[in-house]
Amino acid sequence: MANTTVVAATALRQFAFFDVHLVKDAHDLASSPEIFKNASEISTVVSSSAGLLAADIHGSVHILNKDFVSTTSWVAHVGGRVIHMAERKGVLVTIGEEDAVRGSLLKIWDLEKMDKRNQAPVLLRSSKIQPSNKPHPVSCFALSSALSFLAIGLADGTVLLYRHLDQSLSPAASLTALPKTRTIHESSPEPITGLGFRELASPNNADAKDNNLHLFIVTTNSVYLYHVSGKGSGGSSVLLDDIGCGLGCAVMDWRAEKIVLARDEAVYAYGLQGREPPYAYEGYKSSIHTHLNYVIVVSPPTTVATTRKLAAQAAGGDGDASRVTVFDMENKVVGYTGMFAEGIREVISEWGNIYILTNNGQLTRLAEKSTSAKLSMLYAKALYPLALSLAQTQHLDESYVADIHRQHGDHLYTKGDWDGAMSCYLKTIGWVKPSYVVRKFLDAQRIHNLVTYLQELHALGLANADHTTLLLNTYTKLKDVTRLDNFIKTESRRSGAAESNGDLPFDLDTAIRVCRQAGYFDHASYLAKRYKRHEEYLRVMIEDAGKFGEALTYLRHLGAAAAESNLARYGRAMLDNLPEETTQLLIDLCTVSGPLIMPEAEDTTPQQSSTPTNAPSYLSYLALSRVPAPEDKVEESKADNNEDLTEPQATQPSAPTPSQEKRPSPTLYFAHFVDHPSYFVRFLESVAARRWGQSLSSLSSSLPNASSDGDEDSEKRNQAAVWNTLLELYLDGGSPEQQDKALKVLTSDSLPCDKTHALILCSSYSYTRGLVILWEKLGMYEDVLRFWMDKHNTSPSESSASTEVVQALVRYGPTHPHLYELVLRFLTSTPELLTRHQTDVEKILEHIEKERTIPPLGVVQILSRNGVASVGLVKDWLMGRIKEAKEEVQTDQQLINSYRLETNAKLKQVAELEDPMHAKVFSVTRCSQCSGQLDLPSVHFMCNHSYHQRCLLDHETECPLCVRQHGVIQEIRRNNERMADQHELFLADVQDNGFKAVASGFGKGVLNMTRLDDVAV
């Protein structure tokens, strides 16, 4: 039945994946290792964690190092031999025979602990294997990797199982304390030829391999499966197949998942589900072994002639020649085939190599070639699928796998199979530079393959801006709108999860740019709206598509922060196409804190109907609108870039949550209205009314502070800029209505209009009423008079200018007397003015006489500077002034005479006091202190003051009354002396008061003072 499934033997490819080397003794390089010279005495050899374990027919066990030198040896079975052995976790299990024991003996050794008495590993357990009274030899056994289960197969078809073996190995128990055996299978008279535990690690615990354990049982005619542990364990063994194998022809594969059987017609593998497809290899099999992912089959030569030839060549020619074949069952290749004329004693897998021990003691090492060497062999034969399978079997790094795909793709490319090559290149994405593949498919004939590659790059998120550009350009060159739609819209929907992390399947900026350049504005706007690139969306809609209405609607839904920067950039274009709607949006942006919802009704501020031909200069914008450039705020509109939009075609950008956010400065948008003065007026009036509560209709009320913004200084600057610009627009309009508005702005004390700036505007536009009002507000009354004077000089025939001068003097003269001299000079500058305003001149002279604002000499000098004013005009005024002067002279002369008489009397009195020969008569009868009648004793002073002695203080030698008077005089003189040294103060006084200061200095003696250290009484 098995032959029906076998395929031809030629289906297996043969390669030389192994190098053959003879192993020599460490001390004698001319011979094989010492321990294997008598190969016939070696009973079994197994690998272990401690080294290579070799047992002989004398019952001894040797631990060999890599040089095959025995490091430890001991007699495991006295007077007998070791039949089977296996090692797990440093514990060695041996099954052998001893002369003193009938039947087989099981012993367990601890290789990590040595017995100090005999320098042998510690013997943990020793027990006889005898399930019945009649002993049967042990044909095979299996030990689980966790040392939990031990299965022993007997020649009579019985299988014994030891459960929880590791738990029974405590040092305190006796040597014979082993778990009770359980017979799990009986197949008499078929002997057991193979056992193997199928172990799979738990997903959460790699060491918990006993959680779900199965045991494969092989007889000469059948294969069974027994569930050892896990859910559903116990019960009886299950028949998998009615095909068995001979002794030594069953082994577990390297993953311990399947059991491999070698039969004459083929090599079979069995898993939990039964037999898998066989591997064709006909001929008698002596034994089967495993090495990593390889299966090693030992068999006689395939032909009789070959057998005889090898037997004749062998020393001692026993005709036991063998053939070794190394299979890679997963990749279905033969890695090595070799003939050994001496016959095979053991096949060992240890230290990454295969060691073959022949019957004459020769040890041969099969060293596997490096992976790169094996792949090179496959590349040379163009077996790229096989190379890929080999790489996956050996779990090579993904970079190796990608390199195989690359070489396979290059091979197909040279053969002209573009589609096949591209399928290989697609599997190299992430490991091979995309430019390597892209350059191969830039030809027009291969552009469809290039599109496939670029699409996969974007789908994996590995494309850069150049790849996106190339792919989109390819779509546009091919005019493949369908694929362009699929790429942009389908990919953007697929990347919903990645979008939340900011990871898109393509470079967004590049995609938008390429679509714009190719004229696919709908695709560009879709991407911009989908990923909330507000600036890009508006750029496409305004600059490219010209859809200003949609752009305006989009701006309203953006919110204030994003709309602010975008309107600063596109406001002029929007005003040129939709002036009404854009103006209203700008008004809402500058006055509303929160979402820019569409108002139900338009603003009630009247719109200017007249549009002047010449655009205003907007001096206020140049002087006051020092705002940041729009580019400085562009990034603010990207704050919501990571929000999701499930339906970008129908969804507008979500407005932010209502909050009292700072509103933008109106000056940011002044420049956009340069060609729309009427809308500019409406914008400014609406902003002033809605933002600060300021309007021309409510000038009488107090100025409300409607602003909630935190920066008061900035708001004040914005208010000044708005009203300064409004004043300029009113003046530029020229209509009576606008002139009236300008006058209201100038006359208002509540509107924050810059007076200096307004003065420049009124002067530029020759607005006389405004100039006069501003000069009056600024206290520049002389400028008002000079303005009318200049106007009269320009048109002397008109009397209104001179009349305005006189009226202005009447208003300003009482508080500013210096204006009378200016007006007097003006009215007497020409005969016509003097004739026209002779009465006004007389009134001015009367006011000067009354207020004494100008001295008579000054008036005479003013009137005499030209021949306009006659003497008769000021005759009466001069006569009055001369008479007053004479009276003042007479009064001054009388004062001079009285001062001279008083001075002479004082000098005479001083002379009498200084004359010692002149007698002084005291005729005072009353005390100068108490005014009482003088009586003795009394005190008389030379100053004619007399006092009672009791009215004077003790030791007082000066007249109390004169001392106080002289003290004041002395203090005055001392102050004058100090003032004589303070020249800066004197010079400052001279600059302010002129001759009066000099005369006062002479009078106080500051300029001619004699320095006295003391002033005598």
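Residues numbered from 1 in each chain as written. Predicted model: local features only at pLDDT ≥ 70, side-chain atom pairs only at ≥ 80, totals over all residues. Heavy atoms only, no water.

As a further point, take the nonpolar core. Within the largest apolar cluster, 128 residues are counted, with the highest numbers of intra-cluster contacts made by Leu538, Phe683 and Leu727. Among residues more than four places away in sequence, those in contact with Phe683 are Thr583, Leu586, Ile587, Cys590, Pro666, Phe670 and Phe673. In this structure, Phe18, Val333, Tyr379 and Leu383 belong to the second largest nonpolar core, which totals 29 residues. (Core = buried A, V, L, I, M, F, W, Y, C linked by side-chain atoms within 4.5 Å. Buried < 20%, exposed > 50% of the residue type's maximum accessible area, 1.4 Å probe, protein only. Contact = heavy atoms within 4.5 Å.)

Next up on the list: the sheet that holds strand β6 (residues 70–75). Pairing in this open sheet of 4 strands is antiparallel, and the strands run β3-β4-β5-β6 from one edge to the other. What marks the edges here is a single partner per strand, and that holds for β3 (42–47) and β6. Within this sheet the neighbouring strands show an average axis-to-axis angle of 20 degrees, counted without direction. (Pairing = 2+ DSSP bridges. Helix = DSSP H or I, 4+ residues; strand = E, 2+ residues; numbered from the N terminus. Axes fitted to C-alpha atoms, helices over the stretch in contact; angles between N-to-C directions.)

Moving on: the packing of aromatic side chains. Inspection of every chain in the model, using the stated rule, returns 18 aromatic pairs. Summarising the aromatic geometry, the rings of Phe673 and Phe680 are spaced 5.0 Å apart at their centres and angled 5 degrees between planes, so their arrangement reads as stacked. Measuring from centroid to centroid gives 5.1 Å for Phe673 and Phe683, while their planes differ by 20 degrees, and the two rings are stacked. Residue Phe673 is located in the loop between α17 (619–624) and α18 (677–692), and its partner Phe683 is located in helix α18; the two are separated by 10 residues in the primary sequence. Grouping aromatic residues by their ring pairs yields a cluster made of Tyr413, Trp418, Tyr425, Tyr436 and Phe441. Above the ring of Phe17, the side-chain terminus of Lys374 is found at 5.7 Å from the ring centroid. (Phe/Tyr/Trp six-rings, centres within 6.5 Å; stacked < 30°, edge-to-face > 60°. Lys NZ or Arg CZ within 6 Å of the ring centre and 35° of its normal.)

In total, this model carries 25 salt bridges according to the counting rule given. Its salt-bridge partner being Lys374, residue Glu368 comes within 2.3 Å of it at the nearest N-O pair. The exposure class of Glu368 is partly exposed, given its relative accessible area of 23%. A relative accessible area of 0% places Lys374 in the buried class. (Salt bridge = Lys/Arg side-chain N within 4 Å of Asp/Glu carboxyl O.)

A few words now on the pairing of strand β27 (residues 333–340). Among the 8 residues that make up β27, 6 are buried, leaving the element largely enclosed by the rest of the structure. Bridge analysis of strand β1 (residues 13–14) against β27 gives 2 bridges, and the strand direction is parallel. Residue Gln14 lies in a different strand from β27, and its bridge partner there is Val334. Strand direction decides the pairing type here: strand β26 (residues 322–328) and β27, joined by 7 bridges, are antiparallel. Paired with Thr325 across the bridge in β27 is Thr337. Hairpin connection between β26 and β27: a loop of 4 residues separates the two successive antiparallel strands, and Lys332 in this loop has a positive phi of roughly 55 degrees.

Direction vectors running N to C along helix α4 (residues 398–414) and helix α5 (residues 418–426) enclose 170 degrees, while the axes themselves pass 8 Å from each other. Judged on the interaxial angle alone, α5 and α4 are roughly antiparallel. Counting all contacts with α4, which are made through His405, Arg406, His408, Gly409, Asp410, Leu412 and Tyr413, the residues of α5 involved are Trp418, Gly420, Ala421, Cys424 and Tyr425. Partitioning the contact of α4 with α5 into residue classes produces 6 nonpolar, 4 polar and 2 charged. (Parallel < 35°, antiparallel > 145°, perpendicular 65-115°, else oblique. Nonpolar A, V, L, I, M, F, W, Y, C, P; charged D, E, K, R; others polar.)

Let us now look at the pairing of strand β13 (residues 158–163). Counting buried positions along β13 yields 5 of 6 residues, so the element is predominantly enclosed. If you look at the hairpin formed by strand β12 (residues 149–154) and β13, you'll find 3 residues sitting between the two strands, and Gly157 has a positive phi there, around 90 degrees.

Let us look at empty space enclosed by the protein. According to the stated counting rule, one finds 3 cavities of 30 Å³ or more in the structure shown. Forming the walls of the second largest cavity are Leu12, Val267, Tyr279, Phe327, Asp328, Met329, Lys332 and Val333. Of the residues belonging to the lining of the second largest cavity, the class tally is 6 nonpolar, no polar and 2 charged. (1 Å grid on protein atoms, 1.4 Å probe; cavity = no way out; pocket = protein on both sides within 12 Å on 5 of 7 lines; lining within 4 Å. Points joined across faces, edges and corners; volume = space filled by probe spheres on them.)

Distances and angles like these do not, on their own, reveal function.
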